[in-house]
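Structural overview
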Amino acid sequence: MNKQKCAVIGCGAVGATIAFALTQHSLFSELVLIDSNTAKAQGEAMDLSHGLPFTHPMKVYAGDYKDISDCFLIIITAGTAQKPNETRLDMVHKNVEIFKNIIPNITKYNNEAIILVVSNPVDILTYCTIKLSGFPTNRVLGSGTVLDTARLKYLLSEHLCVDSRSIHAFIIGEHGDSELAVWSSANVSGIDLEDFHGLCASCRDVSFKDVYEDVRDSAYEVIERKGATYYGIAMAVMRIVLSIIRDEHSVLPVSCFVDGHYGLEDLCIGVPAIVGSSGIEKVLDIPLSNEENDKLAASVKTLKGVISKLKI
(Lines give C-alpha, C1' and ligand atoms only; values in the text may rest on other atoms or scores of the structure.)
Protein backbone atom coordinates (compact mmCIF):
# COMPACT_ATOMS: atom_id res chain seq x y z
CA MET A 1 0.00 0.00 0.00
CA ASN A 2 1.10 3.54 -0.77
CA LYS A 3 0.80 5.29 2.59
CA GLN A 4 0.85 8.65 0.82
CA LYS A 5 -2.19 7.85 -1.32
CA CYS A 6 -5.79 8.45 -0.26
CA ALA A 7 -9.16 8.11 -1.99
CA VAL A 8 -12.38 9.96 -1.28
CA ILE A 9 -15.49 8.21 -2.59
CA GLY A 10 -18.36 10.67 -2.87
CA CYS A 11 -17.84 14.27 -3.97
CA GLY A 12 -20.86 15.96 -2.45
CA ALA A 13 -20.49 18.82 0.03
CA VAL A 14 -18.95 16.61 2.72
CA GLY A 15 -16.59 14.72 0.40
CA ALA A 16 -15.42 17.87 -1.37
CA THR A 17 -14.79 19.66 1.93
CA ILE A 18 -12.83 16.69 3.26
CA ALA A 19 -10.79 16.66 0.05
CA PHE A 20 -10.09 20.37 0.53
CA ALA A 21 -8.99 19.75 4.13
CA LEU A 22 -6.70 16.94 2.96
CA THR A 23 -4.90 19.30 0.57
CA GLN A 24 -4.08 21.60 3.49
CA HIS A 25 -1.91 19.01 5.25
CA SER A 26 1.29 17.46 3.96
CA LEU A 27 0.04 13.92 4.53
CA PHE A 28 -0.53 12.62 1.01
CA SER A 29 1.18 12.97 -2.34
CA GLU A 30 -1.79 11.56 -4.25
CA LEU A 31 -5.53 12.05 -3.80
CA VAL A 32 -8.08 10.35 -6.04
CA LEU A 33 -11.71 11.48 -6.11
CA ILE A 34 -14.46 9.06 -7.13
CA ASP A 35 -18.12 9.87 -7.68
CA SER A 36 -20.99 8.40 -9.67
CA ASN A 37 -21.12 11.84 -11.29
CA THR A 38 -17.74 11.78 -13.03
CA ALA A 39 -17.97 15.39 -14.15
CA LYS A 40 -18.50 16.50 -10.55
CA ALA A 41 -15.40 14.60 -9.42
CA GLN A 42 -13.41 16.10 -12.30
CA GLY A 43 -14.57 19.60 -11.43
CA GLU A 44 -13.65 19.21 -7.76
CA ALA A 45 -10.23 17.81 -8.69
CA MET A 46 -9.57 20.72 -11.05
CA ASP A 47 -10.65 23.30 -8.49
CA LEU A 48 -8.48 21.77 -5.76
CA SER A 49 -5.49 21.40 -8.09
CA HIS A 50 -5.57 25.10 -8.94
CA GLY A 51 -4.82 25.88 -5.28
CA LEU A 52 -1.89 23.49 -4.91
CA PRO A 53 0.76 26.20 -5.55
CA PHE A 54 -0.34 27.63 -2.19
CA THR A 55 0.02 24.34 -0.30
CA HIS A 56 2.40 21.51 -1.28
CA PRO A 57 3.11 19.23 -4.25
CA MET A 58 0.28 16.76 -4.64
CA LYS A 59 -1.52 14.94 -7.42
CA VAL A 60 -5.30 15.43 -7.20
CA TYR A 61 -7.44 13.78 -9.86
CA ALA A 62 -10.80 12.18 -10.61
CA GLY A 63 -10.54 8.44 -11.06
CA ASP A 64 -12.37 5.16 -10.79
CA TYR A 65 -12.10 2.11 -8.59
CA LYS A 66 -9.06 0.75 -10.45
CA ASP A 67 -7.15 3.76 -9.13
CA ILE A 68 -7.57 2.69 -5.49
CA SER A 69 -5.59 -0.53 -5.85
CA ASP A 70 -2.67 0.85 -3.83
CA CYS A 71 -4.52 3.34 -1.60
CA PHE A 72 -3.61 3.11 2.07
CA LEU A 73 -6.71 5.01 3.17
CA ILE A 74 -10.17 5.08 1.58
CA ILE A 75 -12.72 7.59 2.88
CA ILE A 76 -16.37 6.99 1.98
CA THR A 77 -18.78 9.93 2.05
CA ALA A 78 -21.15 8.76 -0.69
CA GLY A 79 -24.86 8.54 -0.04
CA THR A 80 -28.01 10.59 0.13
CA ALA A 81 -27.71 13.79 2.14
CA GLN A 82 -29.70 14.40 5.30
CA LYS A 83 -32.66 16.70 4.65
CA PRO A 84 -34.41 19.08 7.06
CA ASN A 85 -36.54 17.17 9.61
CA GLU A 86 -34.91 13.89 8.57
CA THR A 87 -32.97 11.78 11.08
CA ARG A 88 -29.77 10.01 10.15
CA LEU A 89 -31.54 6.66 10.50
CA ASP A 90 -34.16 7.76 7.95
CA MET A 91 -31.48 7.47 5.27
CA VAL A 92 -30.46 3.93 6.10
CA HIS A 93 -32.09 1.84 3.36
CA LYS A 94 -31.07 4.11 0.48
CA ASN A 95 -27.50 4.34 1.68
CA VAL A 96 -27.14 0.64 2.44
CA GLU A 97 -28.08 -0.05 -1.18
CA ILE A 98 -25.46 2.47 -2.32
CA PHE A 99 -22.85 0.72 -0.15
CA LYS A 100 -23.79 -2.63 -1.68
CA ASN A 101 -22.43 -1.21 -4.91
CA ILE A 102 -19.43 0.65 -3.49
CA ILE A 103 -17.91 -1.97 -1.20
CA PRO A 104 -17.62 -4.80 -3.78
CA ASN A 105 -15.96 -2.31 -6.13
CA ILE A 106 -13.42 -1.51 -3.43
CA THR A 107 -12.65 -5.13 -2.58
CA LYS A 108 -12.32 -5.97 -6.28
CA TYR A 109 -9.15 -3.88 -6.39
CA ASN A 110 -7.97 -3.45 -2.80
CA ASN A 111 -8.13 -5.70 0.25
CA GLU A 112 -5.38 -4.07 2.30
CA ALA A 113 -6.58 -0.50 2.85
CA ILE A 114 -8.08 1.13 5.91
CA ILE A 115 -11.66 2.23 5.24
CA LEU A 116 -13.03 5.29 7.03
CA VAL A 117 -16.82 5.62 6.72
CA VAL A 118 -18.34 9.10 7.03
CA SER A 119 -21.73 8.59 5.32
CA ASN A 120 -24.79 8.48 7.56
CA PRO A 121 -26.12 6.65 9.43
CA VAL A 122 -22.43 6.10 10.11
CA ASP A 123 -22.70 3.32 12.70
CA ILE A 124 -24.97 1.21 10.50
CA LEU A 125 -22.88 1.83 7.39
CA THR A 126 -19.63 1.02 9.20
CA TYR A 127 -21.18 -2.28 10.27
CA CYS A 128 -22.37 -2.93 6.70
CA THR A 129 -18.89 -2.16 5.35
CA ILE A 130 -17.35 -4.77 7.64
CA LYS A 131 -19.92 -7.39 6.63
CA LEU A 132 -19.77 -6.61 2.90
CA SER A 133 -15.99 -6.28 2.66
CA GLY A 134 -14.79 -9.10 4.87
CA PHE A 135 -12.03 -6.76 6.08
CA PRO A 136 -10.58 -7.27 9.57
CA THR A 137 -12.62 -5.18 11.99
CA ASN A 138 -9.63 -3.04 12.96
CA ARG A 139 -9.33 -1.73 9.38
CA VAL A 140 -12.89 -0.43 9.12
CA LEU A 141 -13.98 2.50 11.26
CA GLY A 142 -16.50 5.29 11.11
CA SER A 143 -16.34 8.94 12.09
CA GLY A 144 -18.61 8.00 14.99
CA THR A 145 -19.16 10.68 17.62
CA VAL A 146 -15.91 12.56 17.06
CA LEU A 147 -17.80 15.60 15.77
CA ASP A 148 -20.46 15.31 18.49
CA THR A 149 -17.68 15.26 21.10
CA ALA A 150 -16.13 18.37 19.55
CA ARG A 151 -19.52 20.09 19.71
CA LEU A 152 -19.78 19.15 23.38
CA LYS A 153 -16.34 20.55 24.15
CA TYR A 154 -17.08 23.76 22.25
CA LEU A 155 -20.41 24.40 23.95
CA LEU A 156 -18.97 23.64 27.39
CA SER A 157 -16.06 25.98 26.70
CA GLU A 158 -18.51 28.77 25.94
CA HIS A 159 -20.29 28.29 29.26
CA LEU A 160 -17.17 27.67 31.33
CA CYS A 161 -15.06 30.39 29.64
CA VAL A 162 -12.13 28.04 29.14
CA ASP A 163 -10.18 26.70 26.14
CA SER A 164 -12.18 23.85 24.60
CA ARG A 165 -8.95 21.86 24.30
CA SER A 166 -8.73 21.75 28.10
CA ILE A 167 -12.10 20.03 28.34
CA HIS A 168 -12.04 16.23 28.46
CA ALA A 169 -15.44 14.69 27.79
CA PHE A 170 -17.08 12.25 25.39
CA ILE A 171 -20.30 11.82 23.49
CA ILE A 172 -20.72 8.09 22.83
CA GLY A 173 -23.31 5.75 21.34
CA GLU A 174 -25.17 6.22 18.09
CA HIS A 175 -24.15 9.23 16.01
CA GLY A 176 -27.75 10.35 16.22
CA ASP A 177 -30.66 11.02 18.53
CA SER A 178 -29.86 8.26 21.05
CA GLU A 179 -26.27 9.41 21.71
CA LEU A 180 -25.27 10.21 25.28
CA ALA A 181 -22.82 12.44 27.11
CA VAL A 182 -20.47 10.77 29.60
CA TRP A 183 -20.76 13.32 32.40
CA SER A 184 -19.45 11.01 35.11
CA SER A 185 -15.83 11.35 33.94
CA ALA A 186 -15.98 14.77 32.24
CA ASN A 187 -13.42 17.25 33.52
CA VAL A 188 -11.44 20.39 32.81
CA SER A 189 -7.76 19.41 32.98
CA GLY A 190 -8.50 16.95 35.77
CA ILE A 191 -11.02 19.11 37.64
CA ASP A 192 -14.56 17.74 37.73
CA LEU A 193 -16.96 19.87 35.68
CA GLU A 194 -19.18 20.70 38.65
CA ASP A 195 -16.17 21.61 40.77
CA PHE A 196 -14.68 23.75 38.00
CA HIS A 197 -17.96 25.58 37.58
CA GLY A 198 -17.98 26.36 41.29
CA LEU A 199 -14.39 27.60 41.25
CA CYS A 200 -14.72 29.84 38.19
CA ALA A 201 -16.20 33.28 38.87
CA SER A 202 -16.44 34.05 35.14
CA CYS A 203 -18.42 30.89 34.31
CA ARG A 204 -21.91 31.33 32.93
CA ASP A 205 -24.88 29.46 34.32
CA VAL A 206 -24.93 26.08 32.64
CA SER A 207 -27.42 23.25 32.48
CA PHE A 208 -25.61 20.12 31.39
CA LYS A 209 -28.94 18.75 30.14
CA ASP A 210 -29.36 21.81 27.90
CA VAL A 211 -25.78 21.48 26.64
CA TYR A 212 -26.35 17.83 25.75
CA GLU A 213 -29.58 18.63 23.90
CA ASP A 214 -27.82 21.41 21.97
CA VAL A 215 -25.12 18.92 20.94
CA ARG A 216 -27.67 16.28 19.94
CA ASP A 217 -29.68 18.74 17.86
CA SER A 218 -26.77 20.69 16.35
CA ALA A 219 -26.92 19.03 12.95
CA TYR A 220 -30.64 19.73 12.63
CA GLU A 221 -30.05 23.38 13.46
CA VAL A 222 -27.26 23.74 10.89
CA ILE A 223 -29.18 21.89 8.18
CA GLU A 224 -32.24 24.05 8.75
CA ARG A 225 -30.14 27.19 8.31
CA LYS A 226 -27.70 26.31 5.52
CA GLY A 227 -28.88 23.02 4.07
CA ALA A 228 -25.99 20.77 5.13
CA THR A 229 -23.15 20.31 7.60
CA TYR A 230 -19.67 19.87 6.17
CA TYR A 231 -16.98 22.07 7.78
CA GLY A 232 -17.21 20.47 11.22
CA ILE A 233 -17.28 16.90 9.92
CA ALA A 234 -14.36 17.63 7.57
CA MET A 235 -12.26 18.79 10.53
CA ALA A 236 -13.36 15.77 12.58
CA VAL A 237 -12.34 13.45 9.75
CA MET A 238 -8.99 15.21 9.47
CA ARG A 239 -8.41 14.55 13.17
CA ILE A 240 -8.99 10.83 12.58
CA VAL A 241 -6.83 10.81 9.44
CA LEU A 242 -3.96 12.52 11.25
CA SER A 243 -4.02 9.86 13.95
CA ILE A 244 -3.95 7.08 11.35
CA ILE A 245 -1.27 8.47 9.07
CA ARG A 246 0.99 9.77 11.87
CA ASP A 247 0.36 6.67 13.99
CA GLU A 248 -0.53 8.92 16.90
CA HIS A 249 -2.36 6.31 19.02
CA SER A 250 -4.96 8.97 19.82
CA VAL A 251 -8.08 8.15 21.82
CA LEU A 252 -11.08 9.09 19.68
CA PRO A 253 -14.78 8.13 19.92
CA VAL A 254 -14.96 6.54 16.49
CA SER A 255 -17.55 4.08 15.29
CA CYS A 256 -15.93 0.70 15.67
CA PHE A 257 -16.89 -2.94 15.92
CA VAL A 258 -17.61 -3.97 19.49
CA ASP A 259 -17.79 -7.60 20.53
CA GLY A 260 -17.63 -8.00 24.29
CA HIS A 261 -16.87 -4.37 25.16
CA TYR A 262 -19.42 -2.78 27.51
CA GLY A 263 -21.16 -6.16 27.47
CA LEU A 264 -22.14 -5.56 23.83
CA GLU A 265 -21.64 -7.70 20.74
CA ASP A 266 -21.85 -7.65 16.97
CA LEU A 267 -22.44 -4.01 16.14
CA CYS A 268 -20.60 -0.78 15.40
CA ILE A 269 -21.09 2.17 17.70
CA GLY A 270 -19.22 5.30 18.74
CA VAL A 271 -16.99 4.55 21.72
CA PRO A 272 -13.46 5.67 22.64
CA ALA A 273 -10.75 3.70 20.89
CA ILE A 274 -7.02 4.03 20.30
CA VAL A 275 -6.52 4.92 16.64
CA GLY A 276 -3.22 4.48 14.81
CA SER A 277 -1.65 3.26 11.58
CA SER A 278 -3.40 -0.11 11.78
CA GLY A 279 -6.79 1.53 12.29
CA ILE A 280 -8.50 0.53 15.53
CA GLU A 281 -5.75 -0.59 17.89
CA LYS A 282 -7.89 -1.07 20.98
CA VAL A 283 -11.48 -0.38 22.00
CA LEU A 284 -11.55 1.19 25.46
CA ASP A 285 -14.12 0.31 28.11
CA ILE A 286 -14.33 3.64 29.92
CA PRO A 287 -16.13 3.79 33.29
CA LEU A 288 -19.83 4.65 33.02
CA SER A 289 -22.39 5.41 35.68
CA ASN A 290 -25.45 3.19 35.99
CA GLU A 291 -27.53 5.84 34.23
CA GLU A 292 -24.99 6.11 31.40
CA ASN A 293 -24.92 2.34 31.01
CA ASP A 294 -28.69 2.35 30.67
CA LYS A 295 -28.58 5.11 28.05
CA LEU A 296 -25.87 3.26 26.11
CA ALA A 297 -28.03 0.13 26.19
CA ALA A 298 -30.93 2.16 24.79
CA SER A 299 -28.69 3.51 22.03
CA VAL A 300 -27.58 -0.02 21.20
CA LYS A 301 -31.20 -1.17 21.09
CA THR A 302 -31.95 1.55 18.54
CA LEU A 303 -29.10 0.45 16.27
CA LYS A 304 -29.77 -3.26 16.70
CA GLY A 305 -33.39 -2.67 15.73
CA VAL A 306 -32.26 -1.14 12.43
CA ILE A 307 -29.59 -3.78 11.77
CA SER A 308 -32.11 -6.60 12.27
CA LYS A 309 -34.18 -5.30 9.34
CA LEU A 310 -31.29 -5.03 6.88
CA LYS A 311 -30.42 -7.57 4.23
CA ILE A 312 -26.61 -7.63 4.07
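The structure this text deals with has already been given above.
This structure is a prediction, so every number in the text was calculated from the model and none was measured.

1. Digging into the packing of aromatic side chains
Under the defined criterion, the tally for this structure stands at 2 aromatic pairs. Here Trp-183 and Phe-208 contribute two aromatic rings whose centre-to-centre distance is 4.8 Å and whose plane-to-plane angle is 20 degrees, an arrangement assigned as stacked. On the criterion of sequence distance, the pair formed by Trp-183 in the loop between β9 (180-181) and β10 (187-188) and Phe-208 in helix α7 (residues 208-216) is long-range, its members being 25 residues apart. Since its relative accessible area comes to 24%, Trp-183 is described here as partly exposed. Relative accessible area serves as the criterion here: at 16%, Phe-208 is assigned to the buried category.

2. A closer look at the side chain of Ser-178
Structurally, the position occupied by Ser-178 is in the loop between β8 (171-172) and β9. In this structure Ser-178 comes out as buried when scored by relative accessible area, which is 18%. A polar atom in the side chain of Ser-178 sits 2.4 Å from the side chain of Glu-174. Ignoring any residue separated from it by four or fewer positions in sequence, one finds Ser-178 in contact with Lys-295, Ser-299 and Thr-302.

3. Notes on the environment of Asp-266
In this fold, Asp-266 is placed in the loop between β12 (250-258) and β13 (267-276). In sequence terms Asp-266 and Ser-277 are 11 residues apart; their C-alpha atoms lie 24 Å from each other. Each residue touching Asp-266, except ones within four places of it in the same chain, is listed here: Tyr-127, Lys-131, Phe-257, Val-258, Asp-259 and Lys-304. A polar contact of 3.4 Å, which involves the side chain of Asp-266, links it to the side chain of Lys-131.

4. A word on the layout of surface pockets
Volume-wise, the largest pocket comes out at about 750 Å³. Contributing to the lining of the largest pocket are 39 residues, with Thr-77, Ala-78, Gly-79, Thr-80 and Ser-119 lying nearest its centre. At the level of elements, α1 (13-23), α3 (92-109), α5 (146-160) and α8 (218-226) are the ones that each hand at least two residues to the lining of the largest pocket. Among the elements that take part in the lining of the largest pocket, α3 stands out by supplying 4 residues, more than any other. A class-by-class count of the residues in the lining of the largest pocket yields 17 nonpolar, 18 polar and 4 charged.

What counts and how
Residues numbered from 1 in each chain as written. Predicted model: local features only at pLDDT ≥ 70, side-chain atom pairs only at ≥ 80, totals over all residues. Heavy atoms only, no water. Phe/Tyr/Trp six-rings, centres within 6.5 Å; stacked < 30°, edge-to-face > 60°. Helix = DSSP H or I, 4+ residues; strand = E, 2+ residues; numbered from the N terminus. Buried < 20%, exposed > 50% of the residue type's maximum accessible area, 1.4 Å probe, protein only. Polar contact = N/O pair within 3.5 Å; in protein donor to acceptor, adjacent residues only side chain to side chain. Contact = heavy atoms within 4.5 Å. 1 Å grid on protein atoms, 1.4 Å probe; cavity = no way out; pocket = protein on both sides within 12 Å on 5 of 7 lines; lining within 4 Å. Points joined across faces, edges and corners; volume = space filled by probe spheres on them. Nonpolar A, V, L, I, M, F, W, Y, C, P; charged D, E, K, R; others polar.

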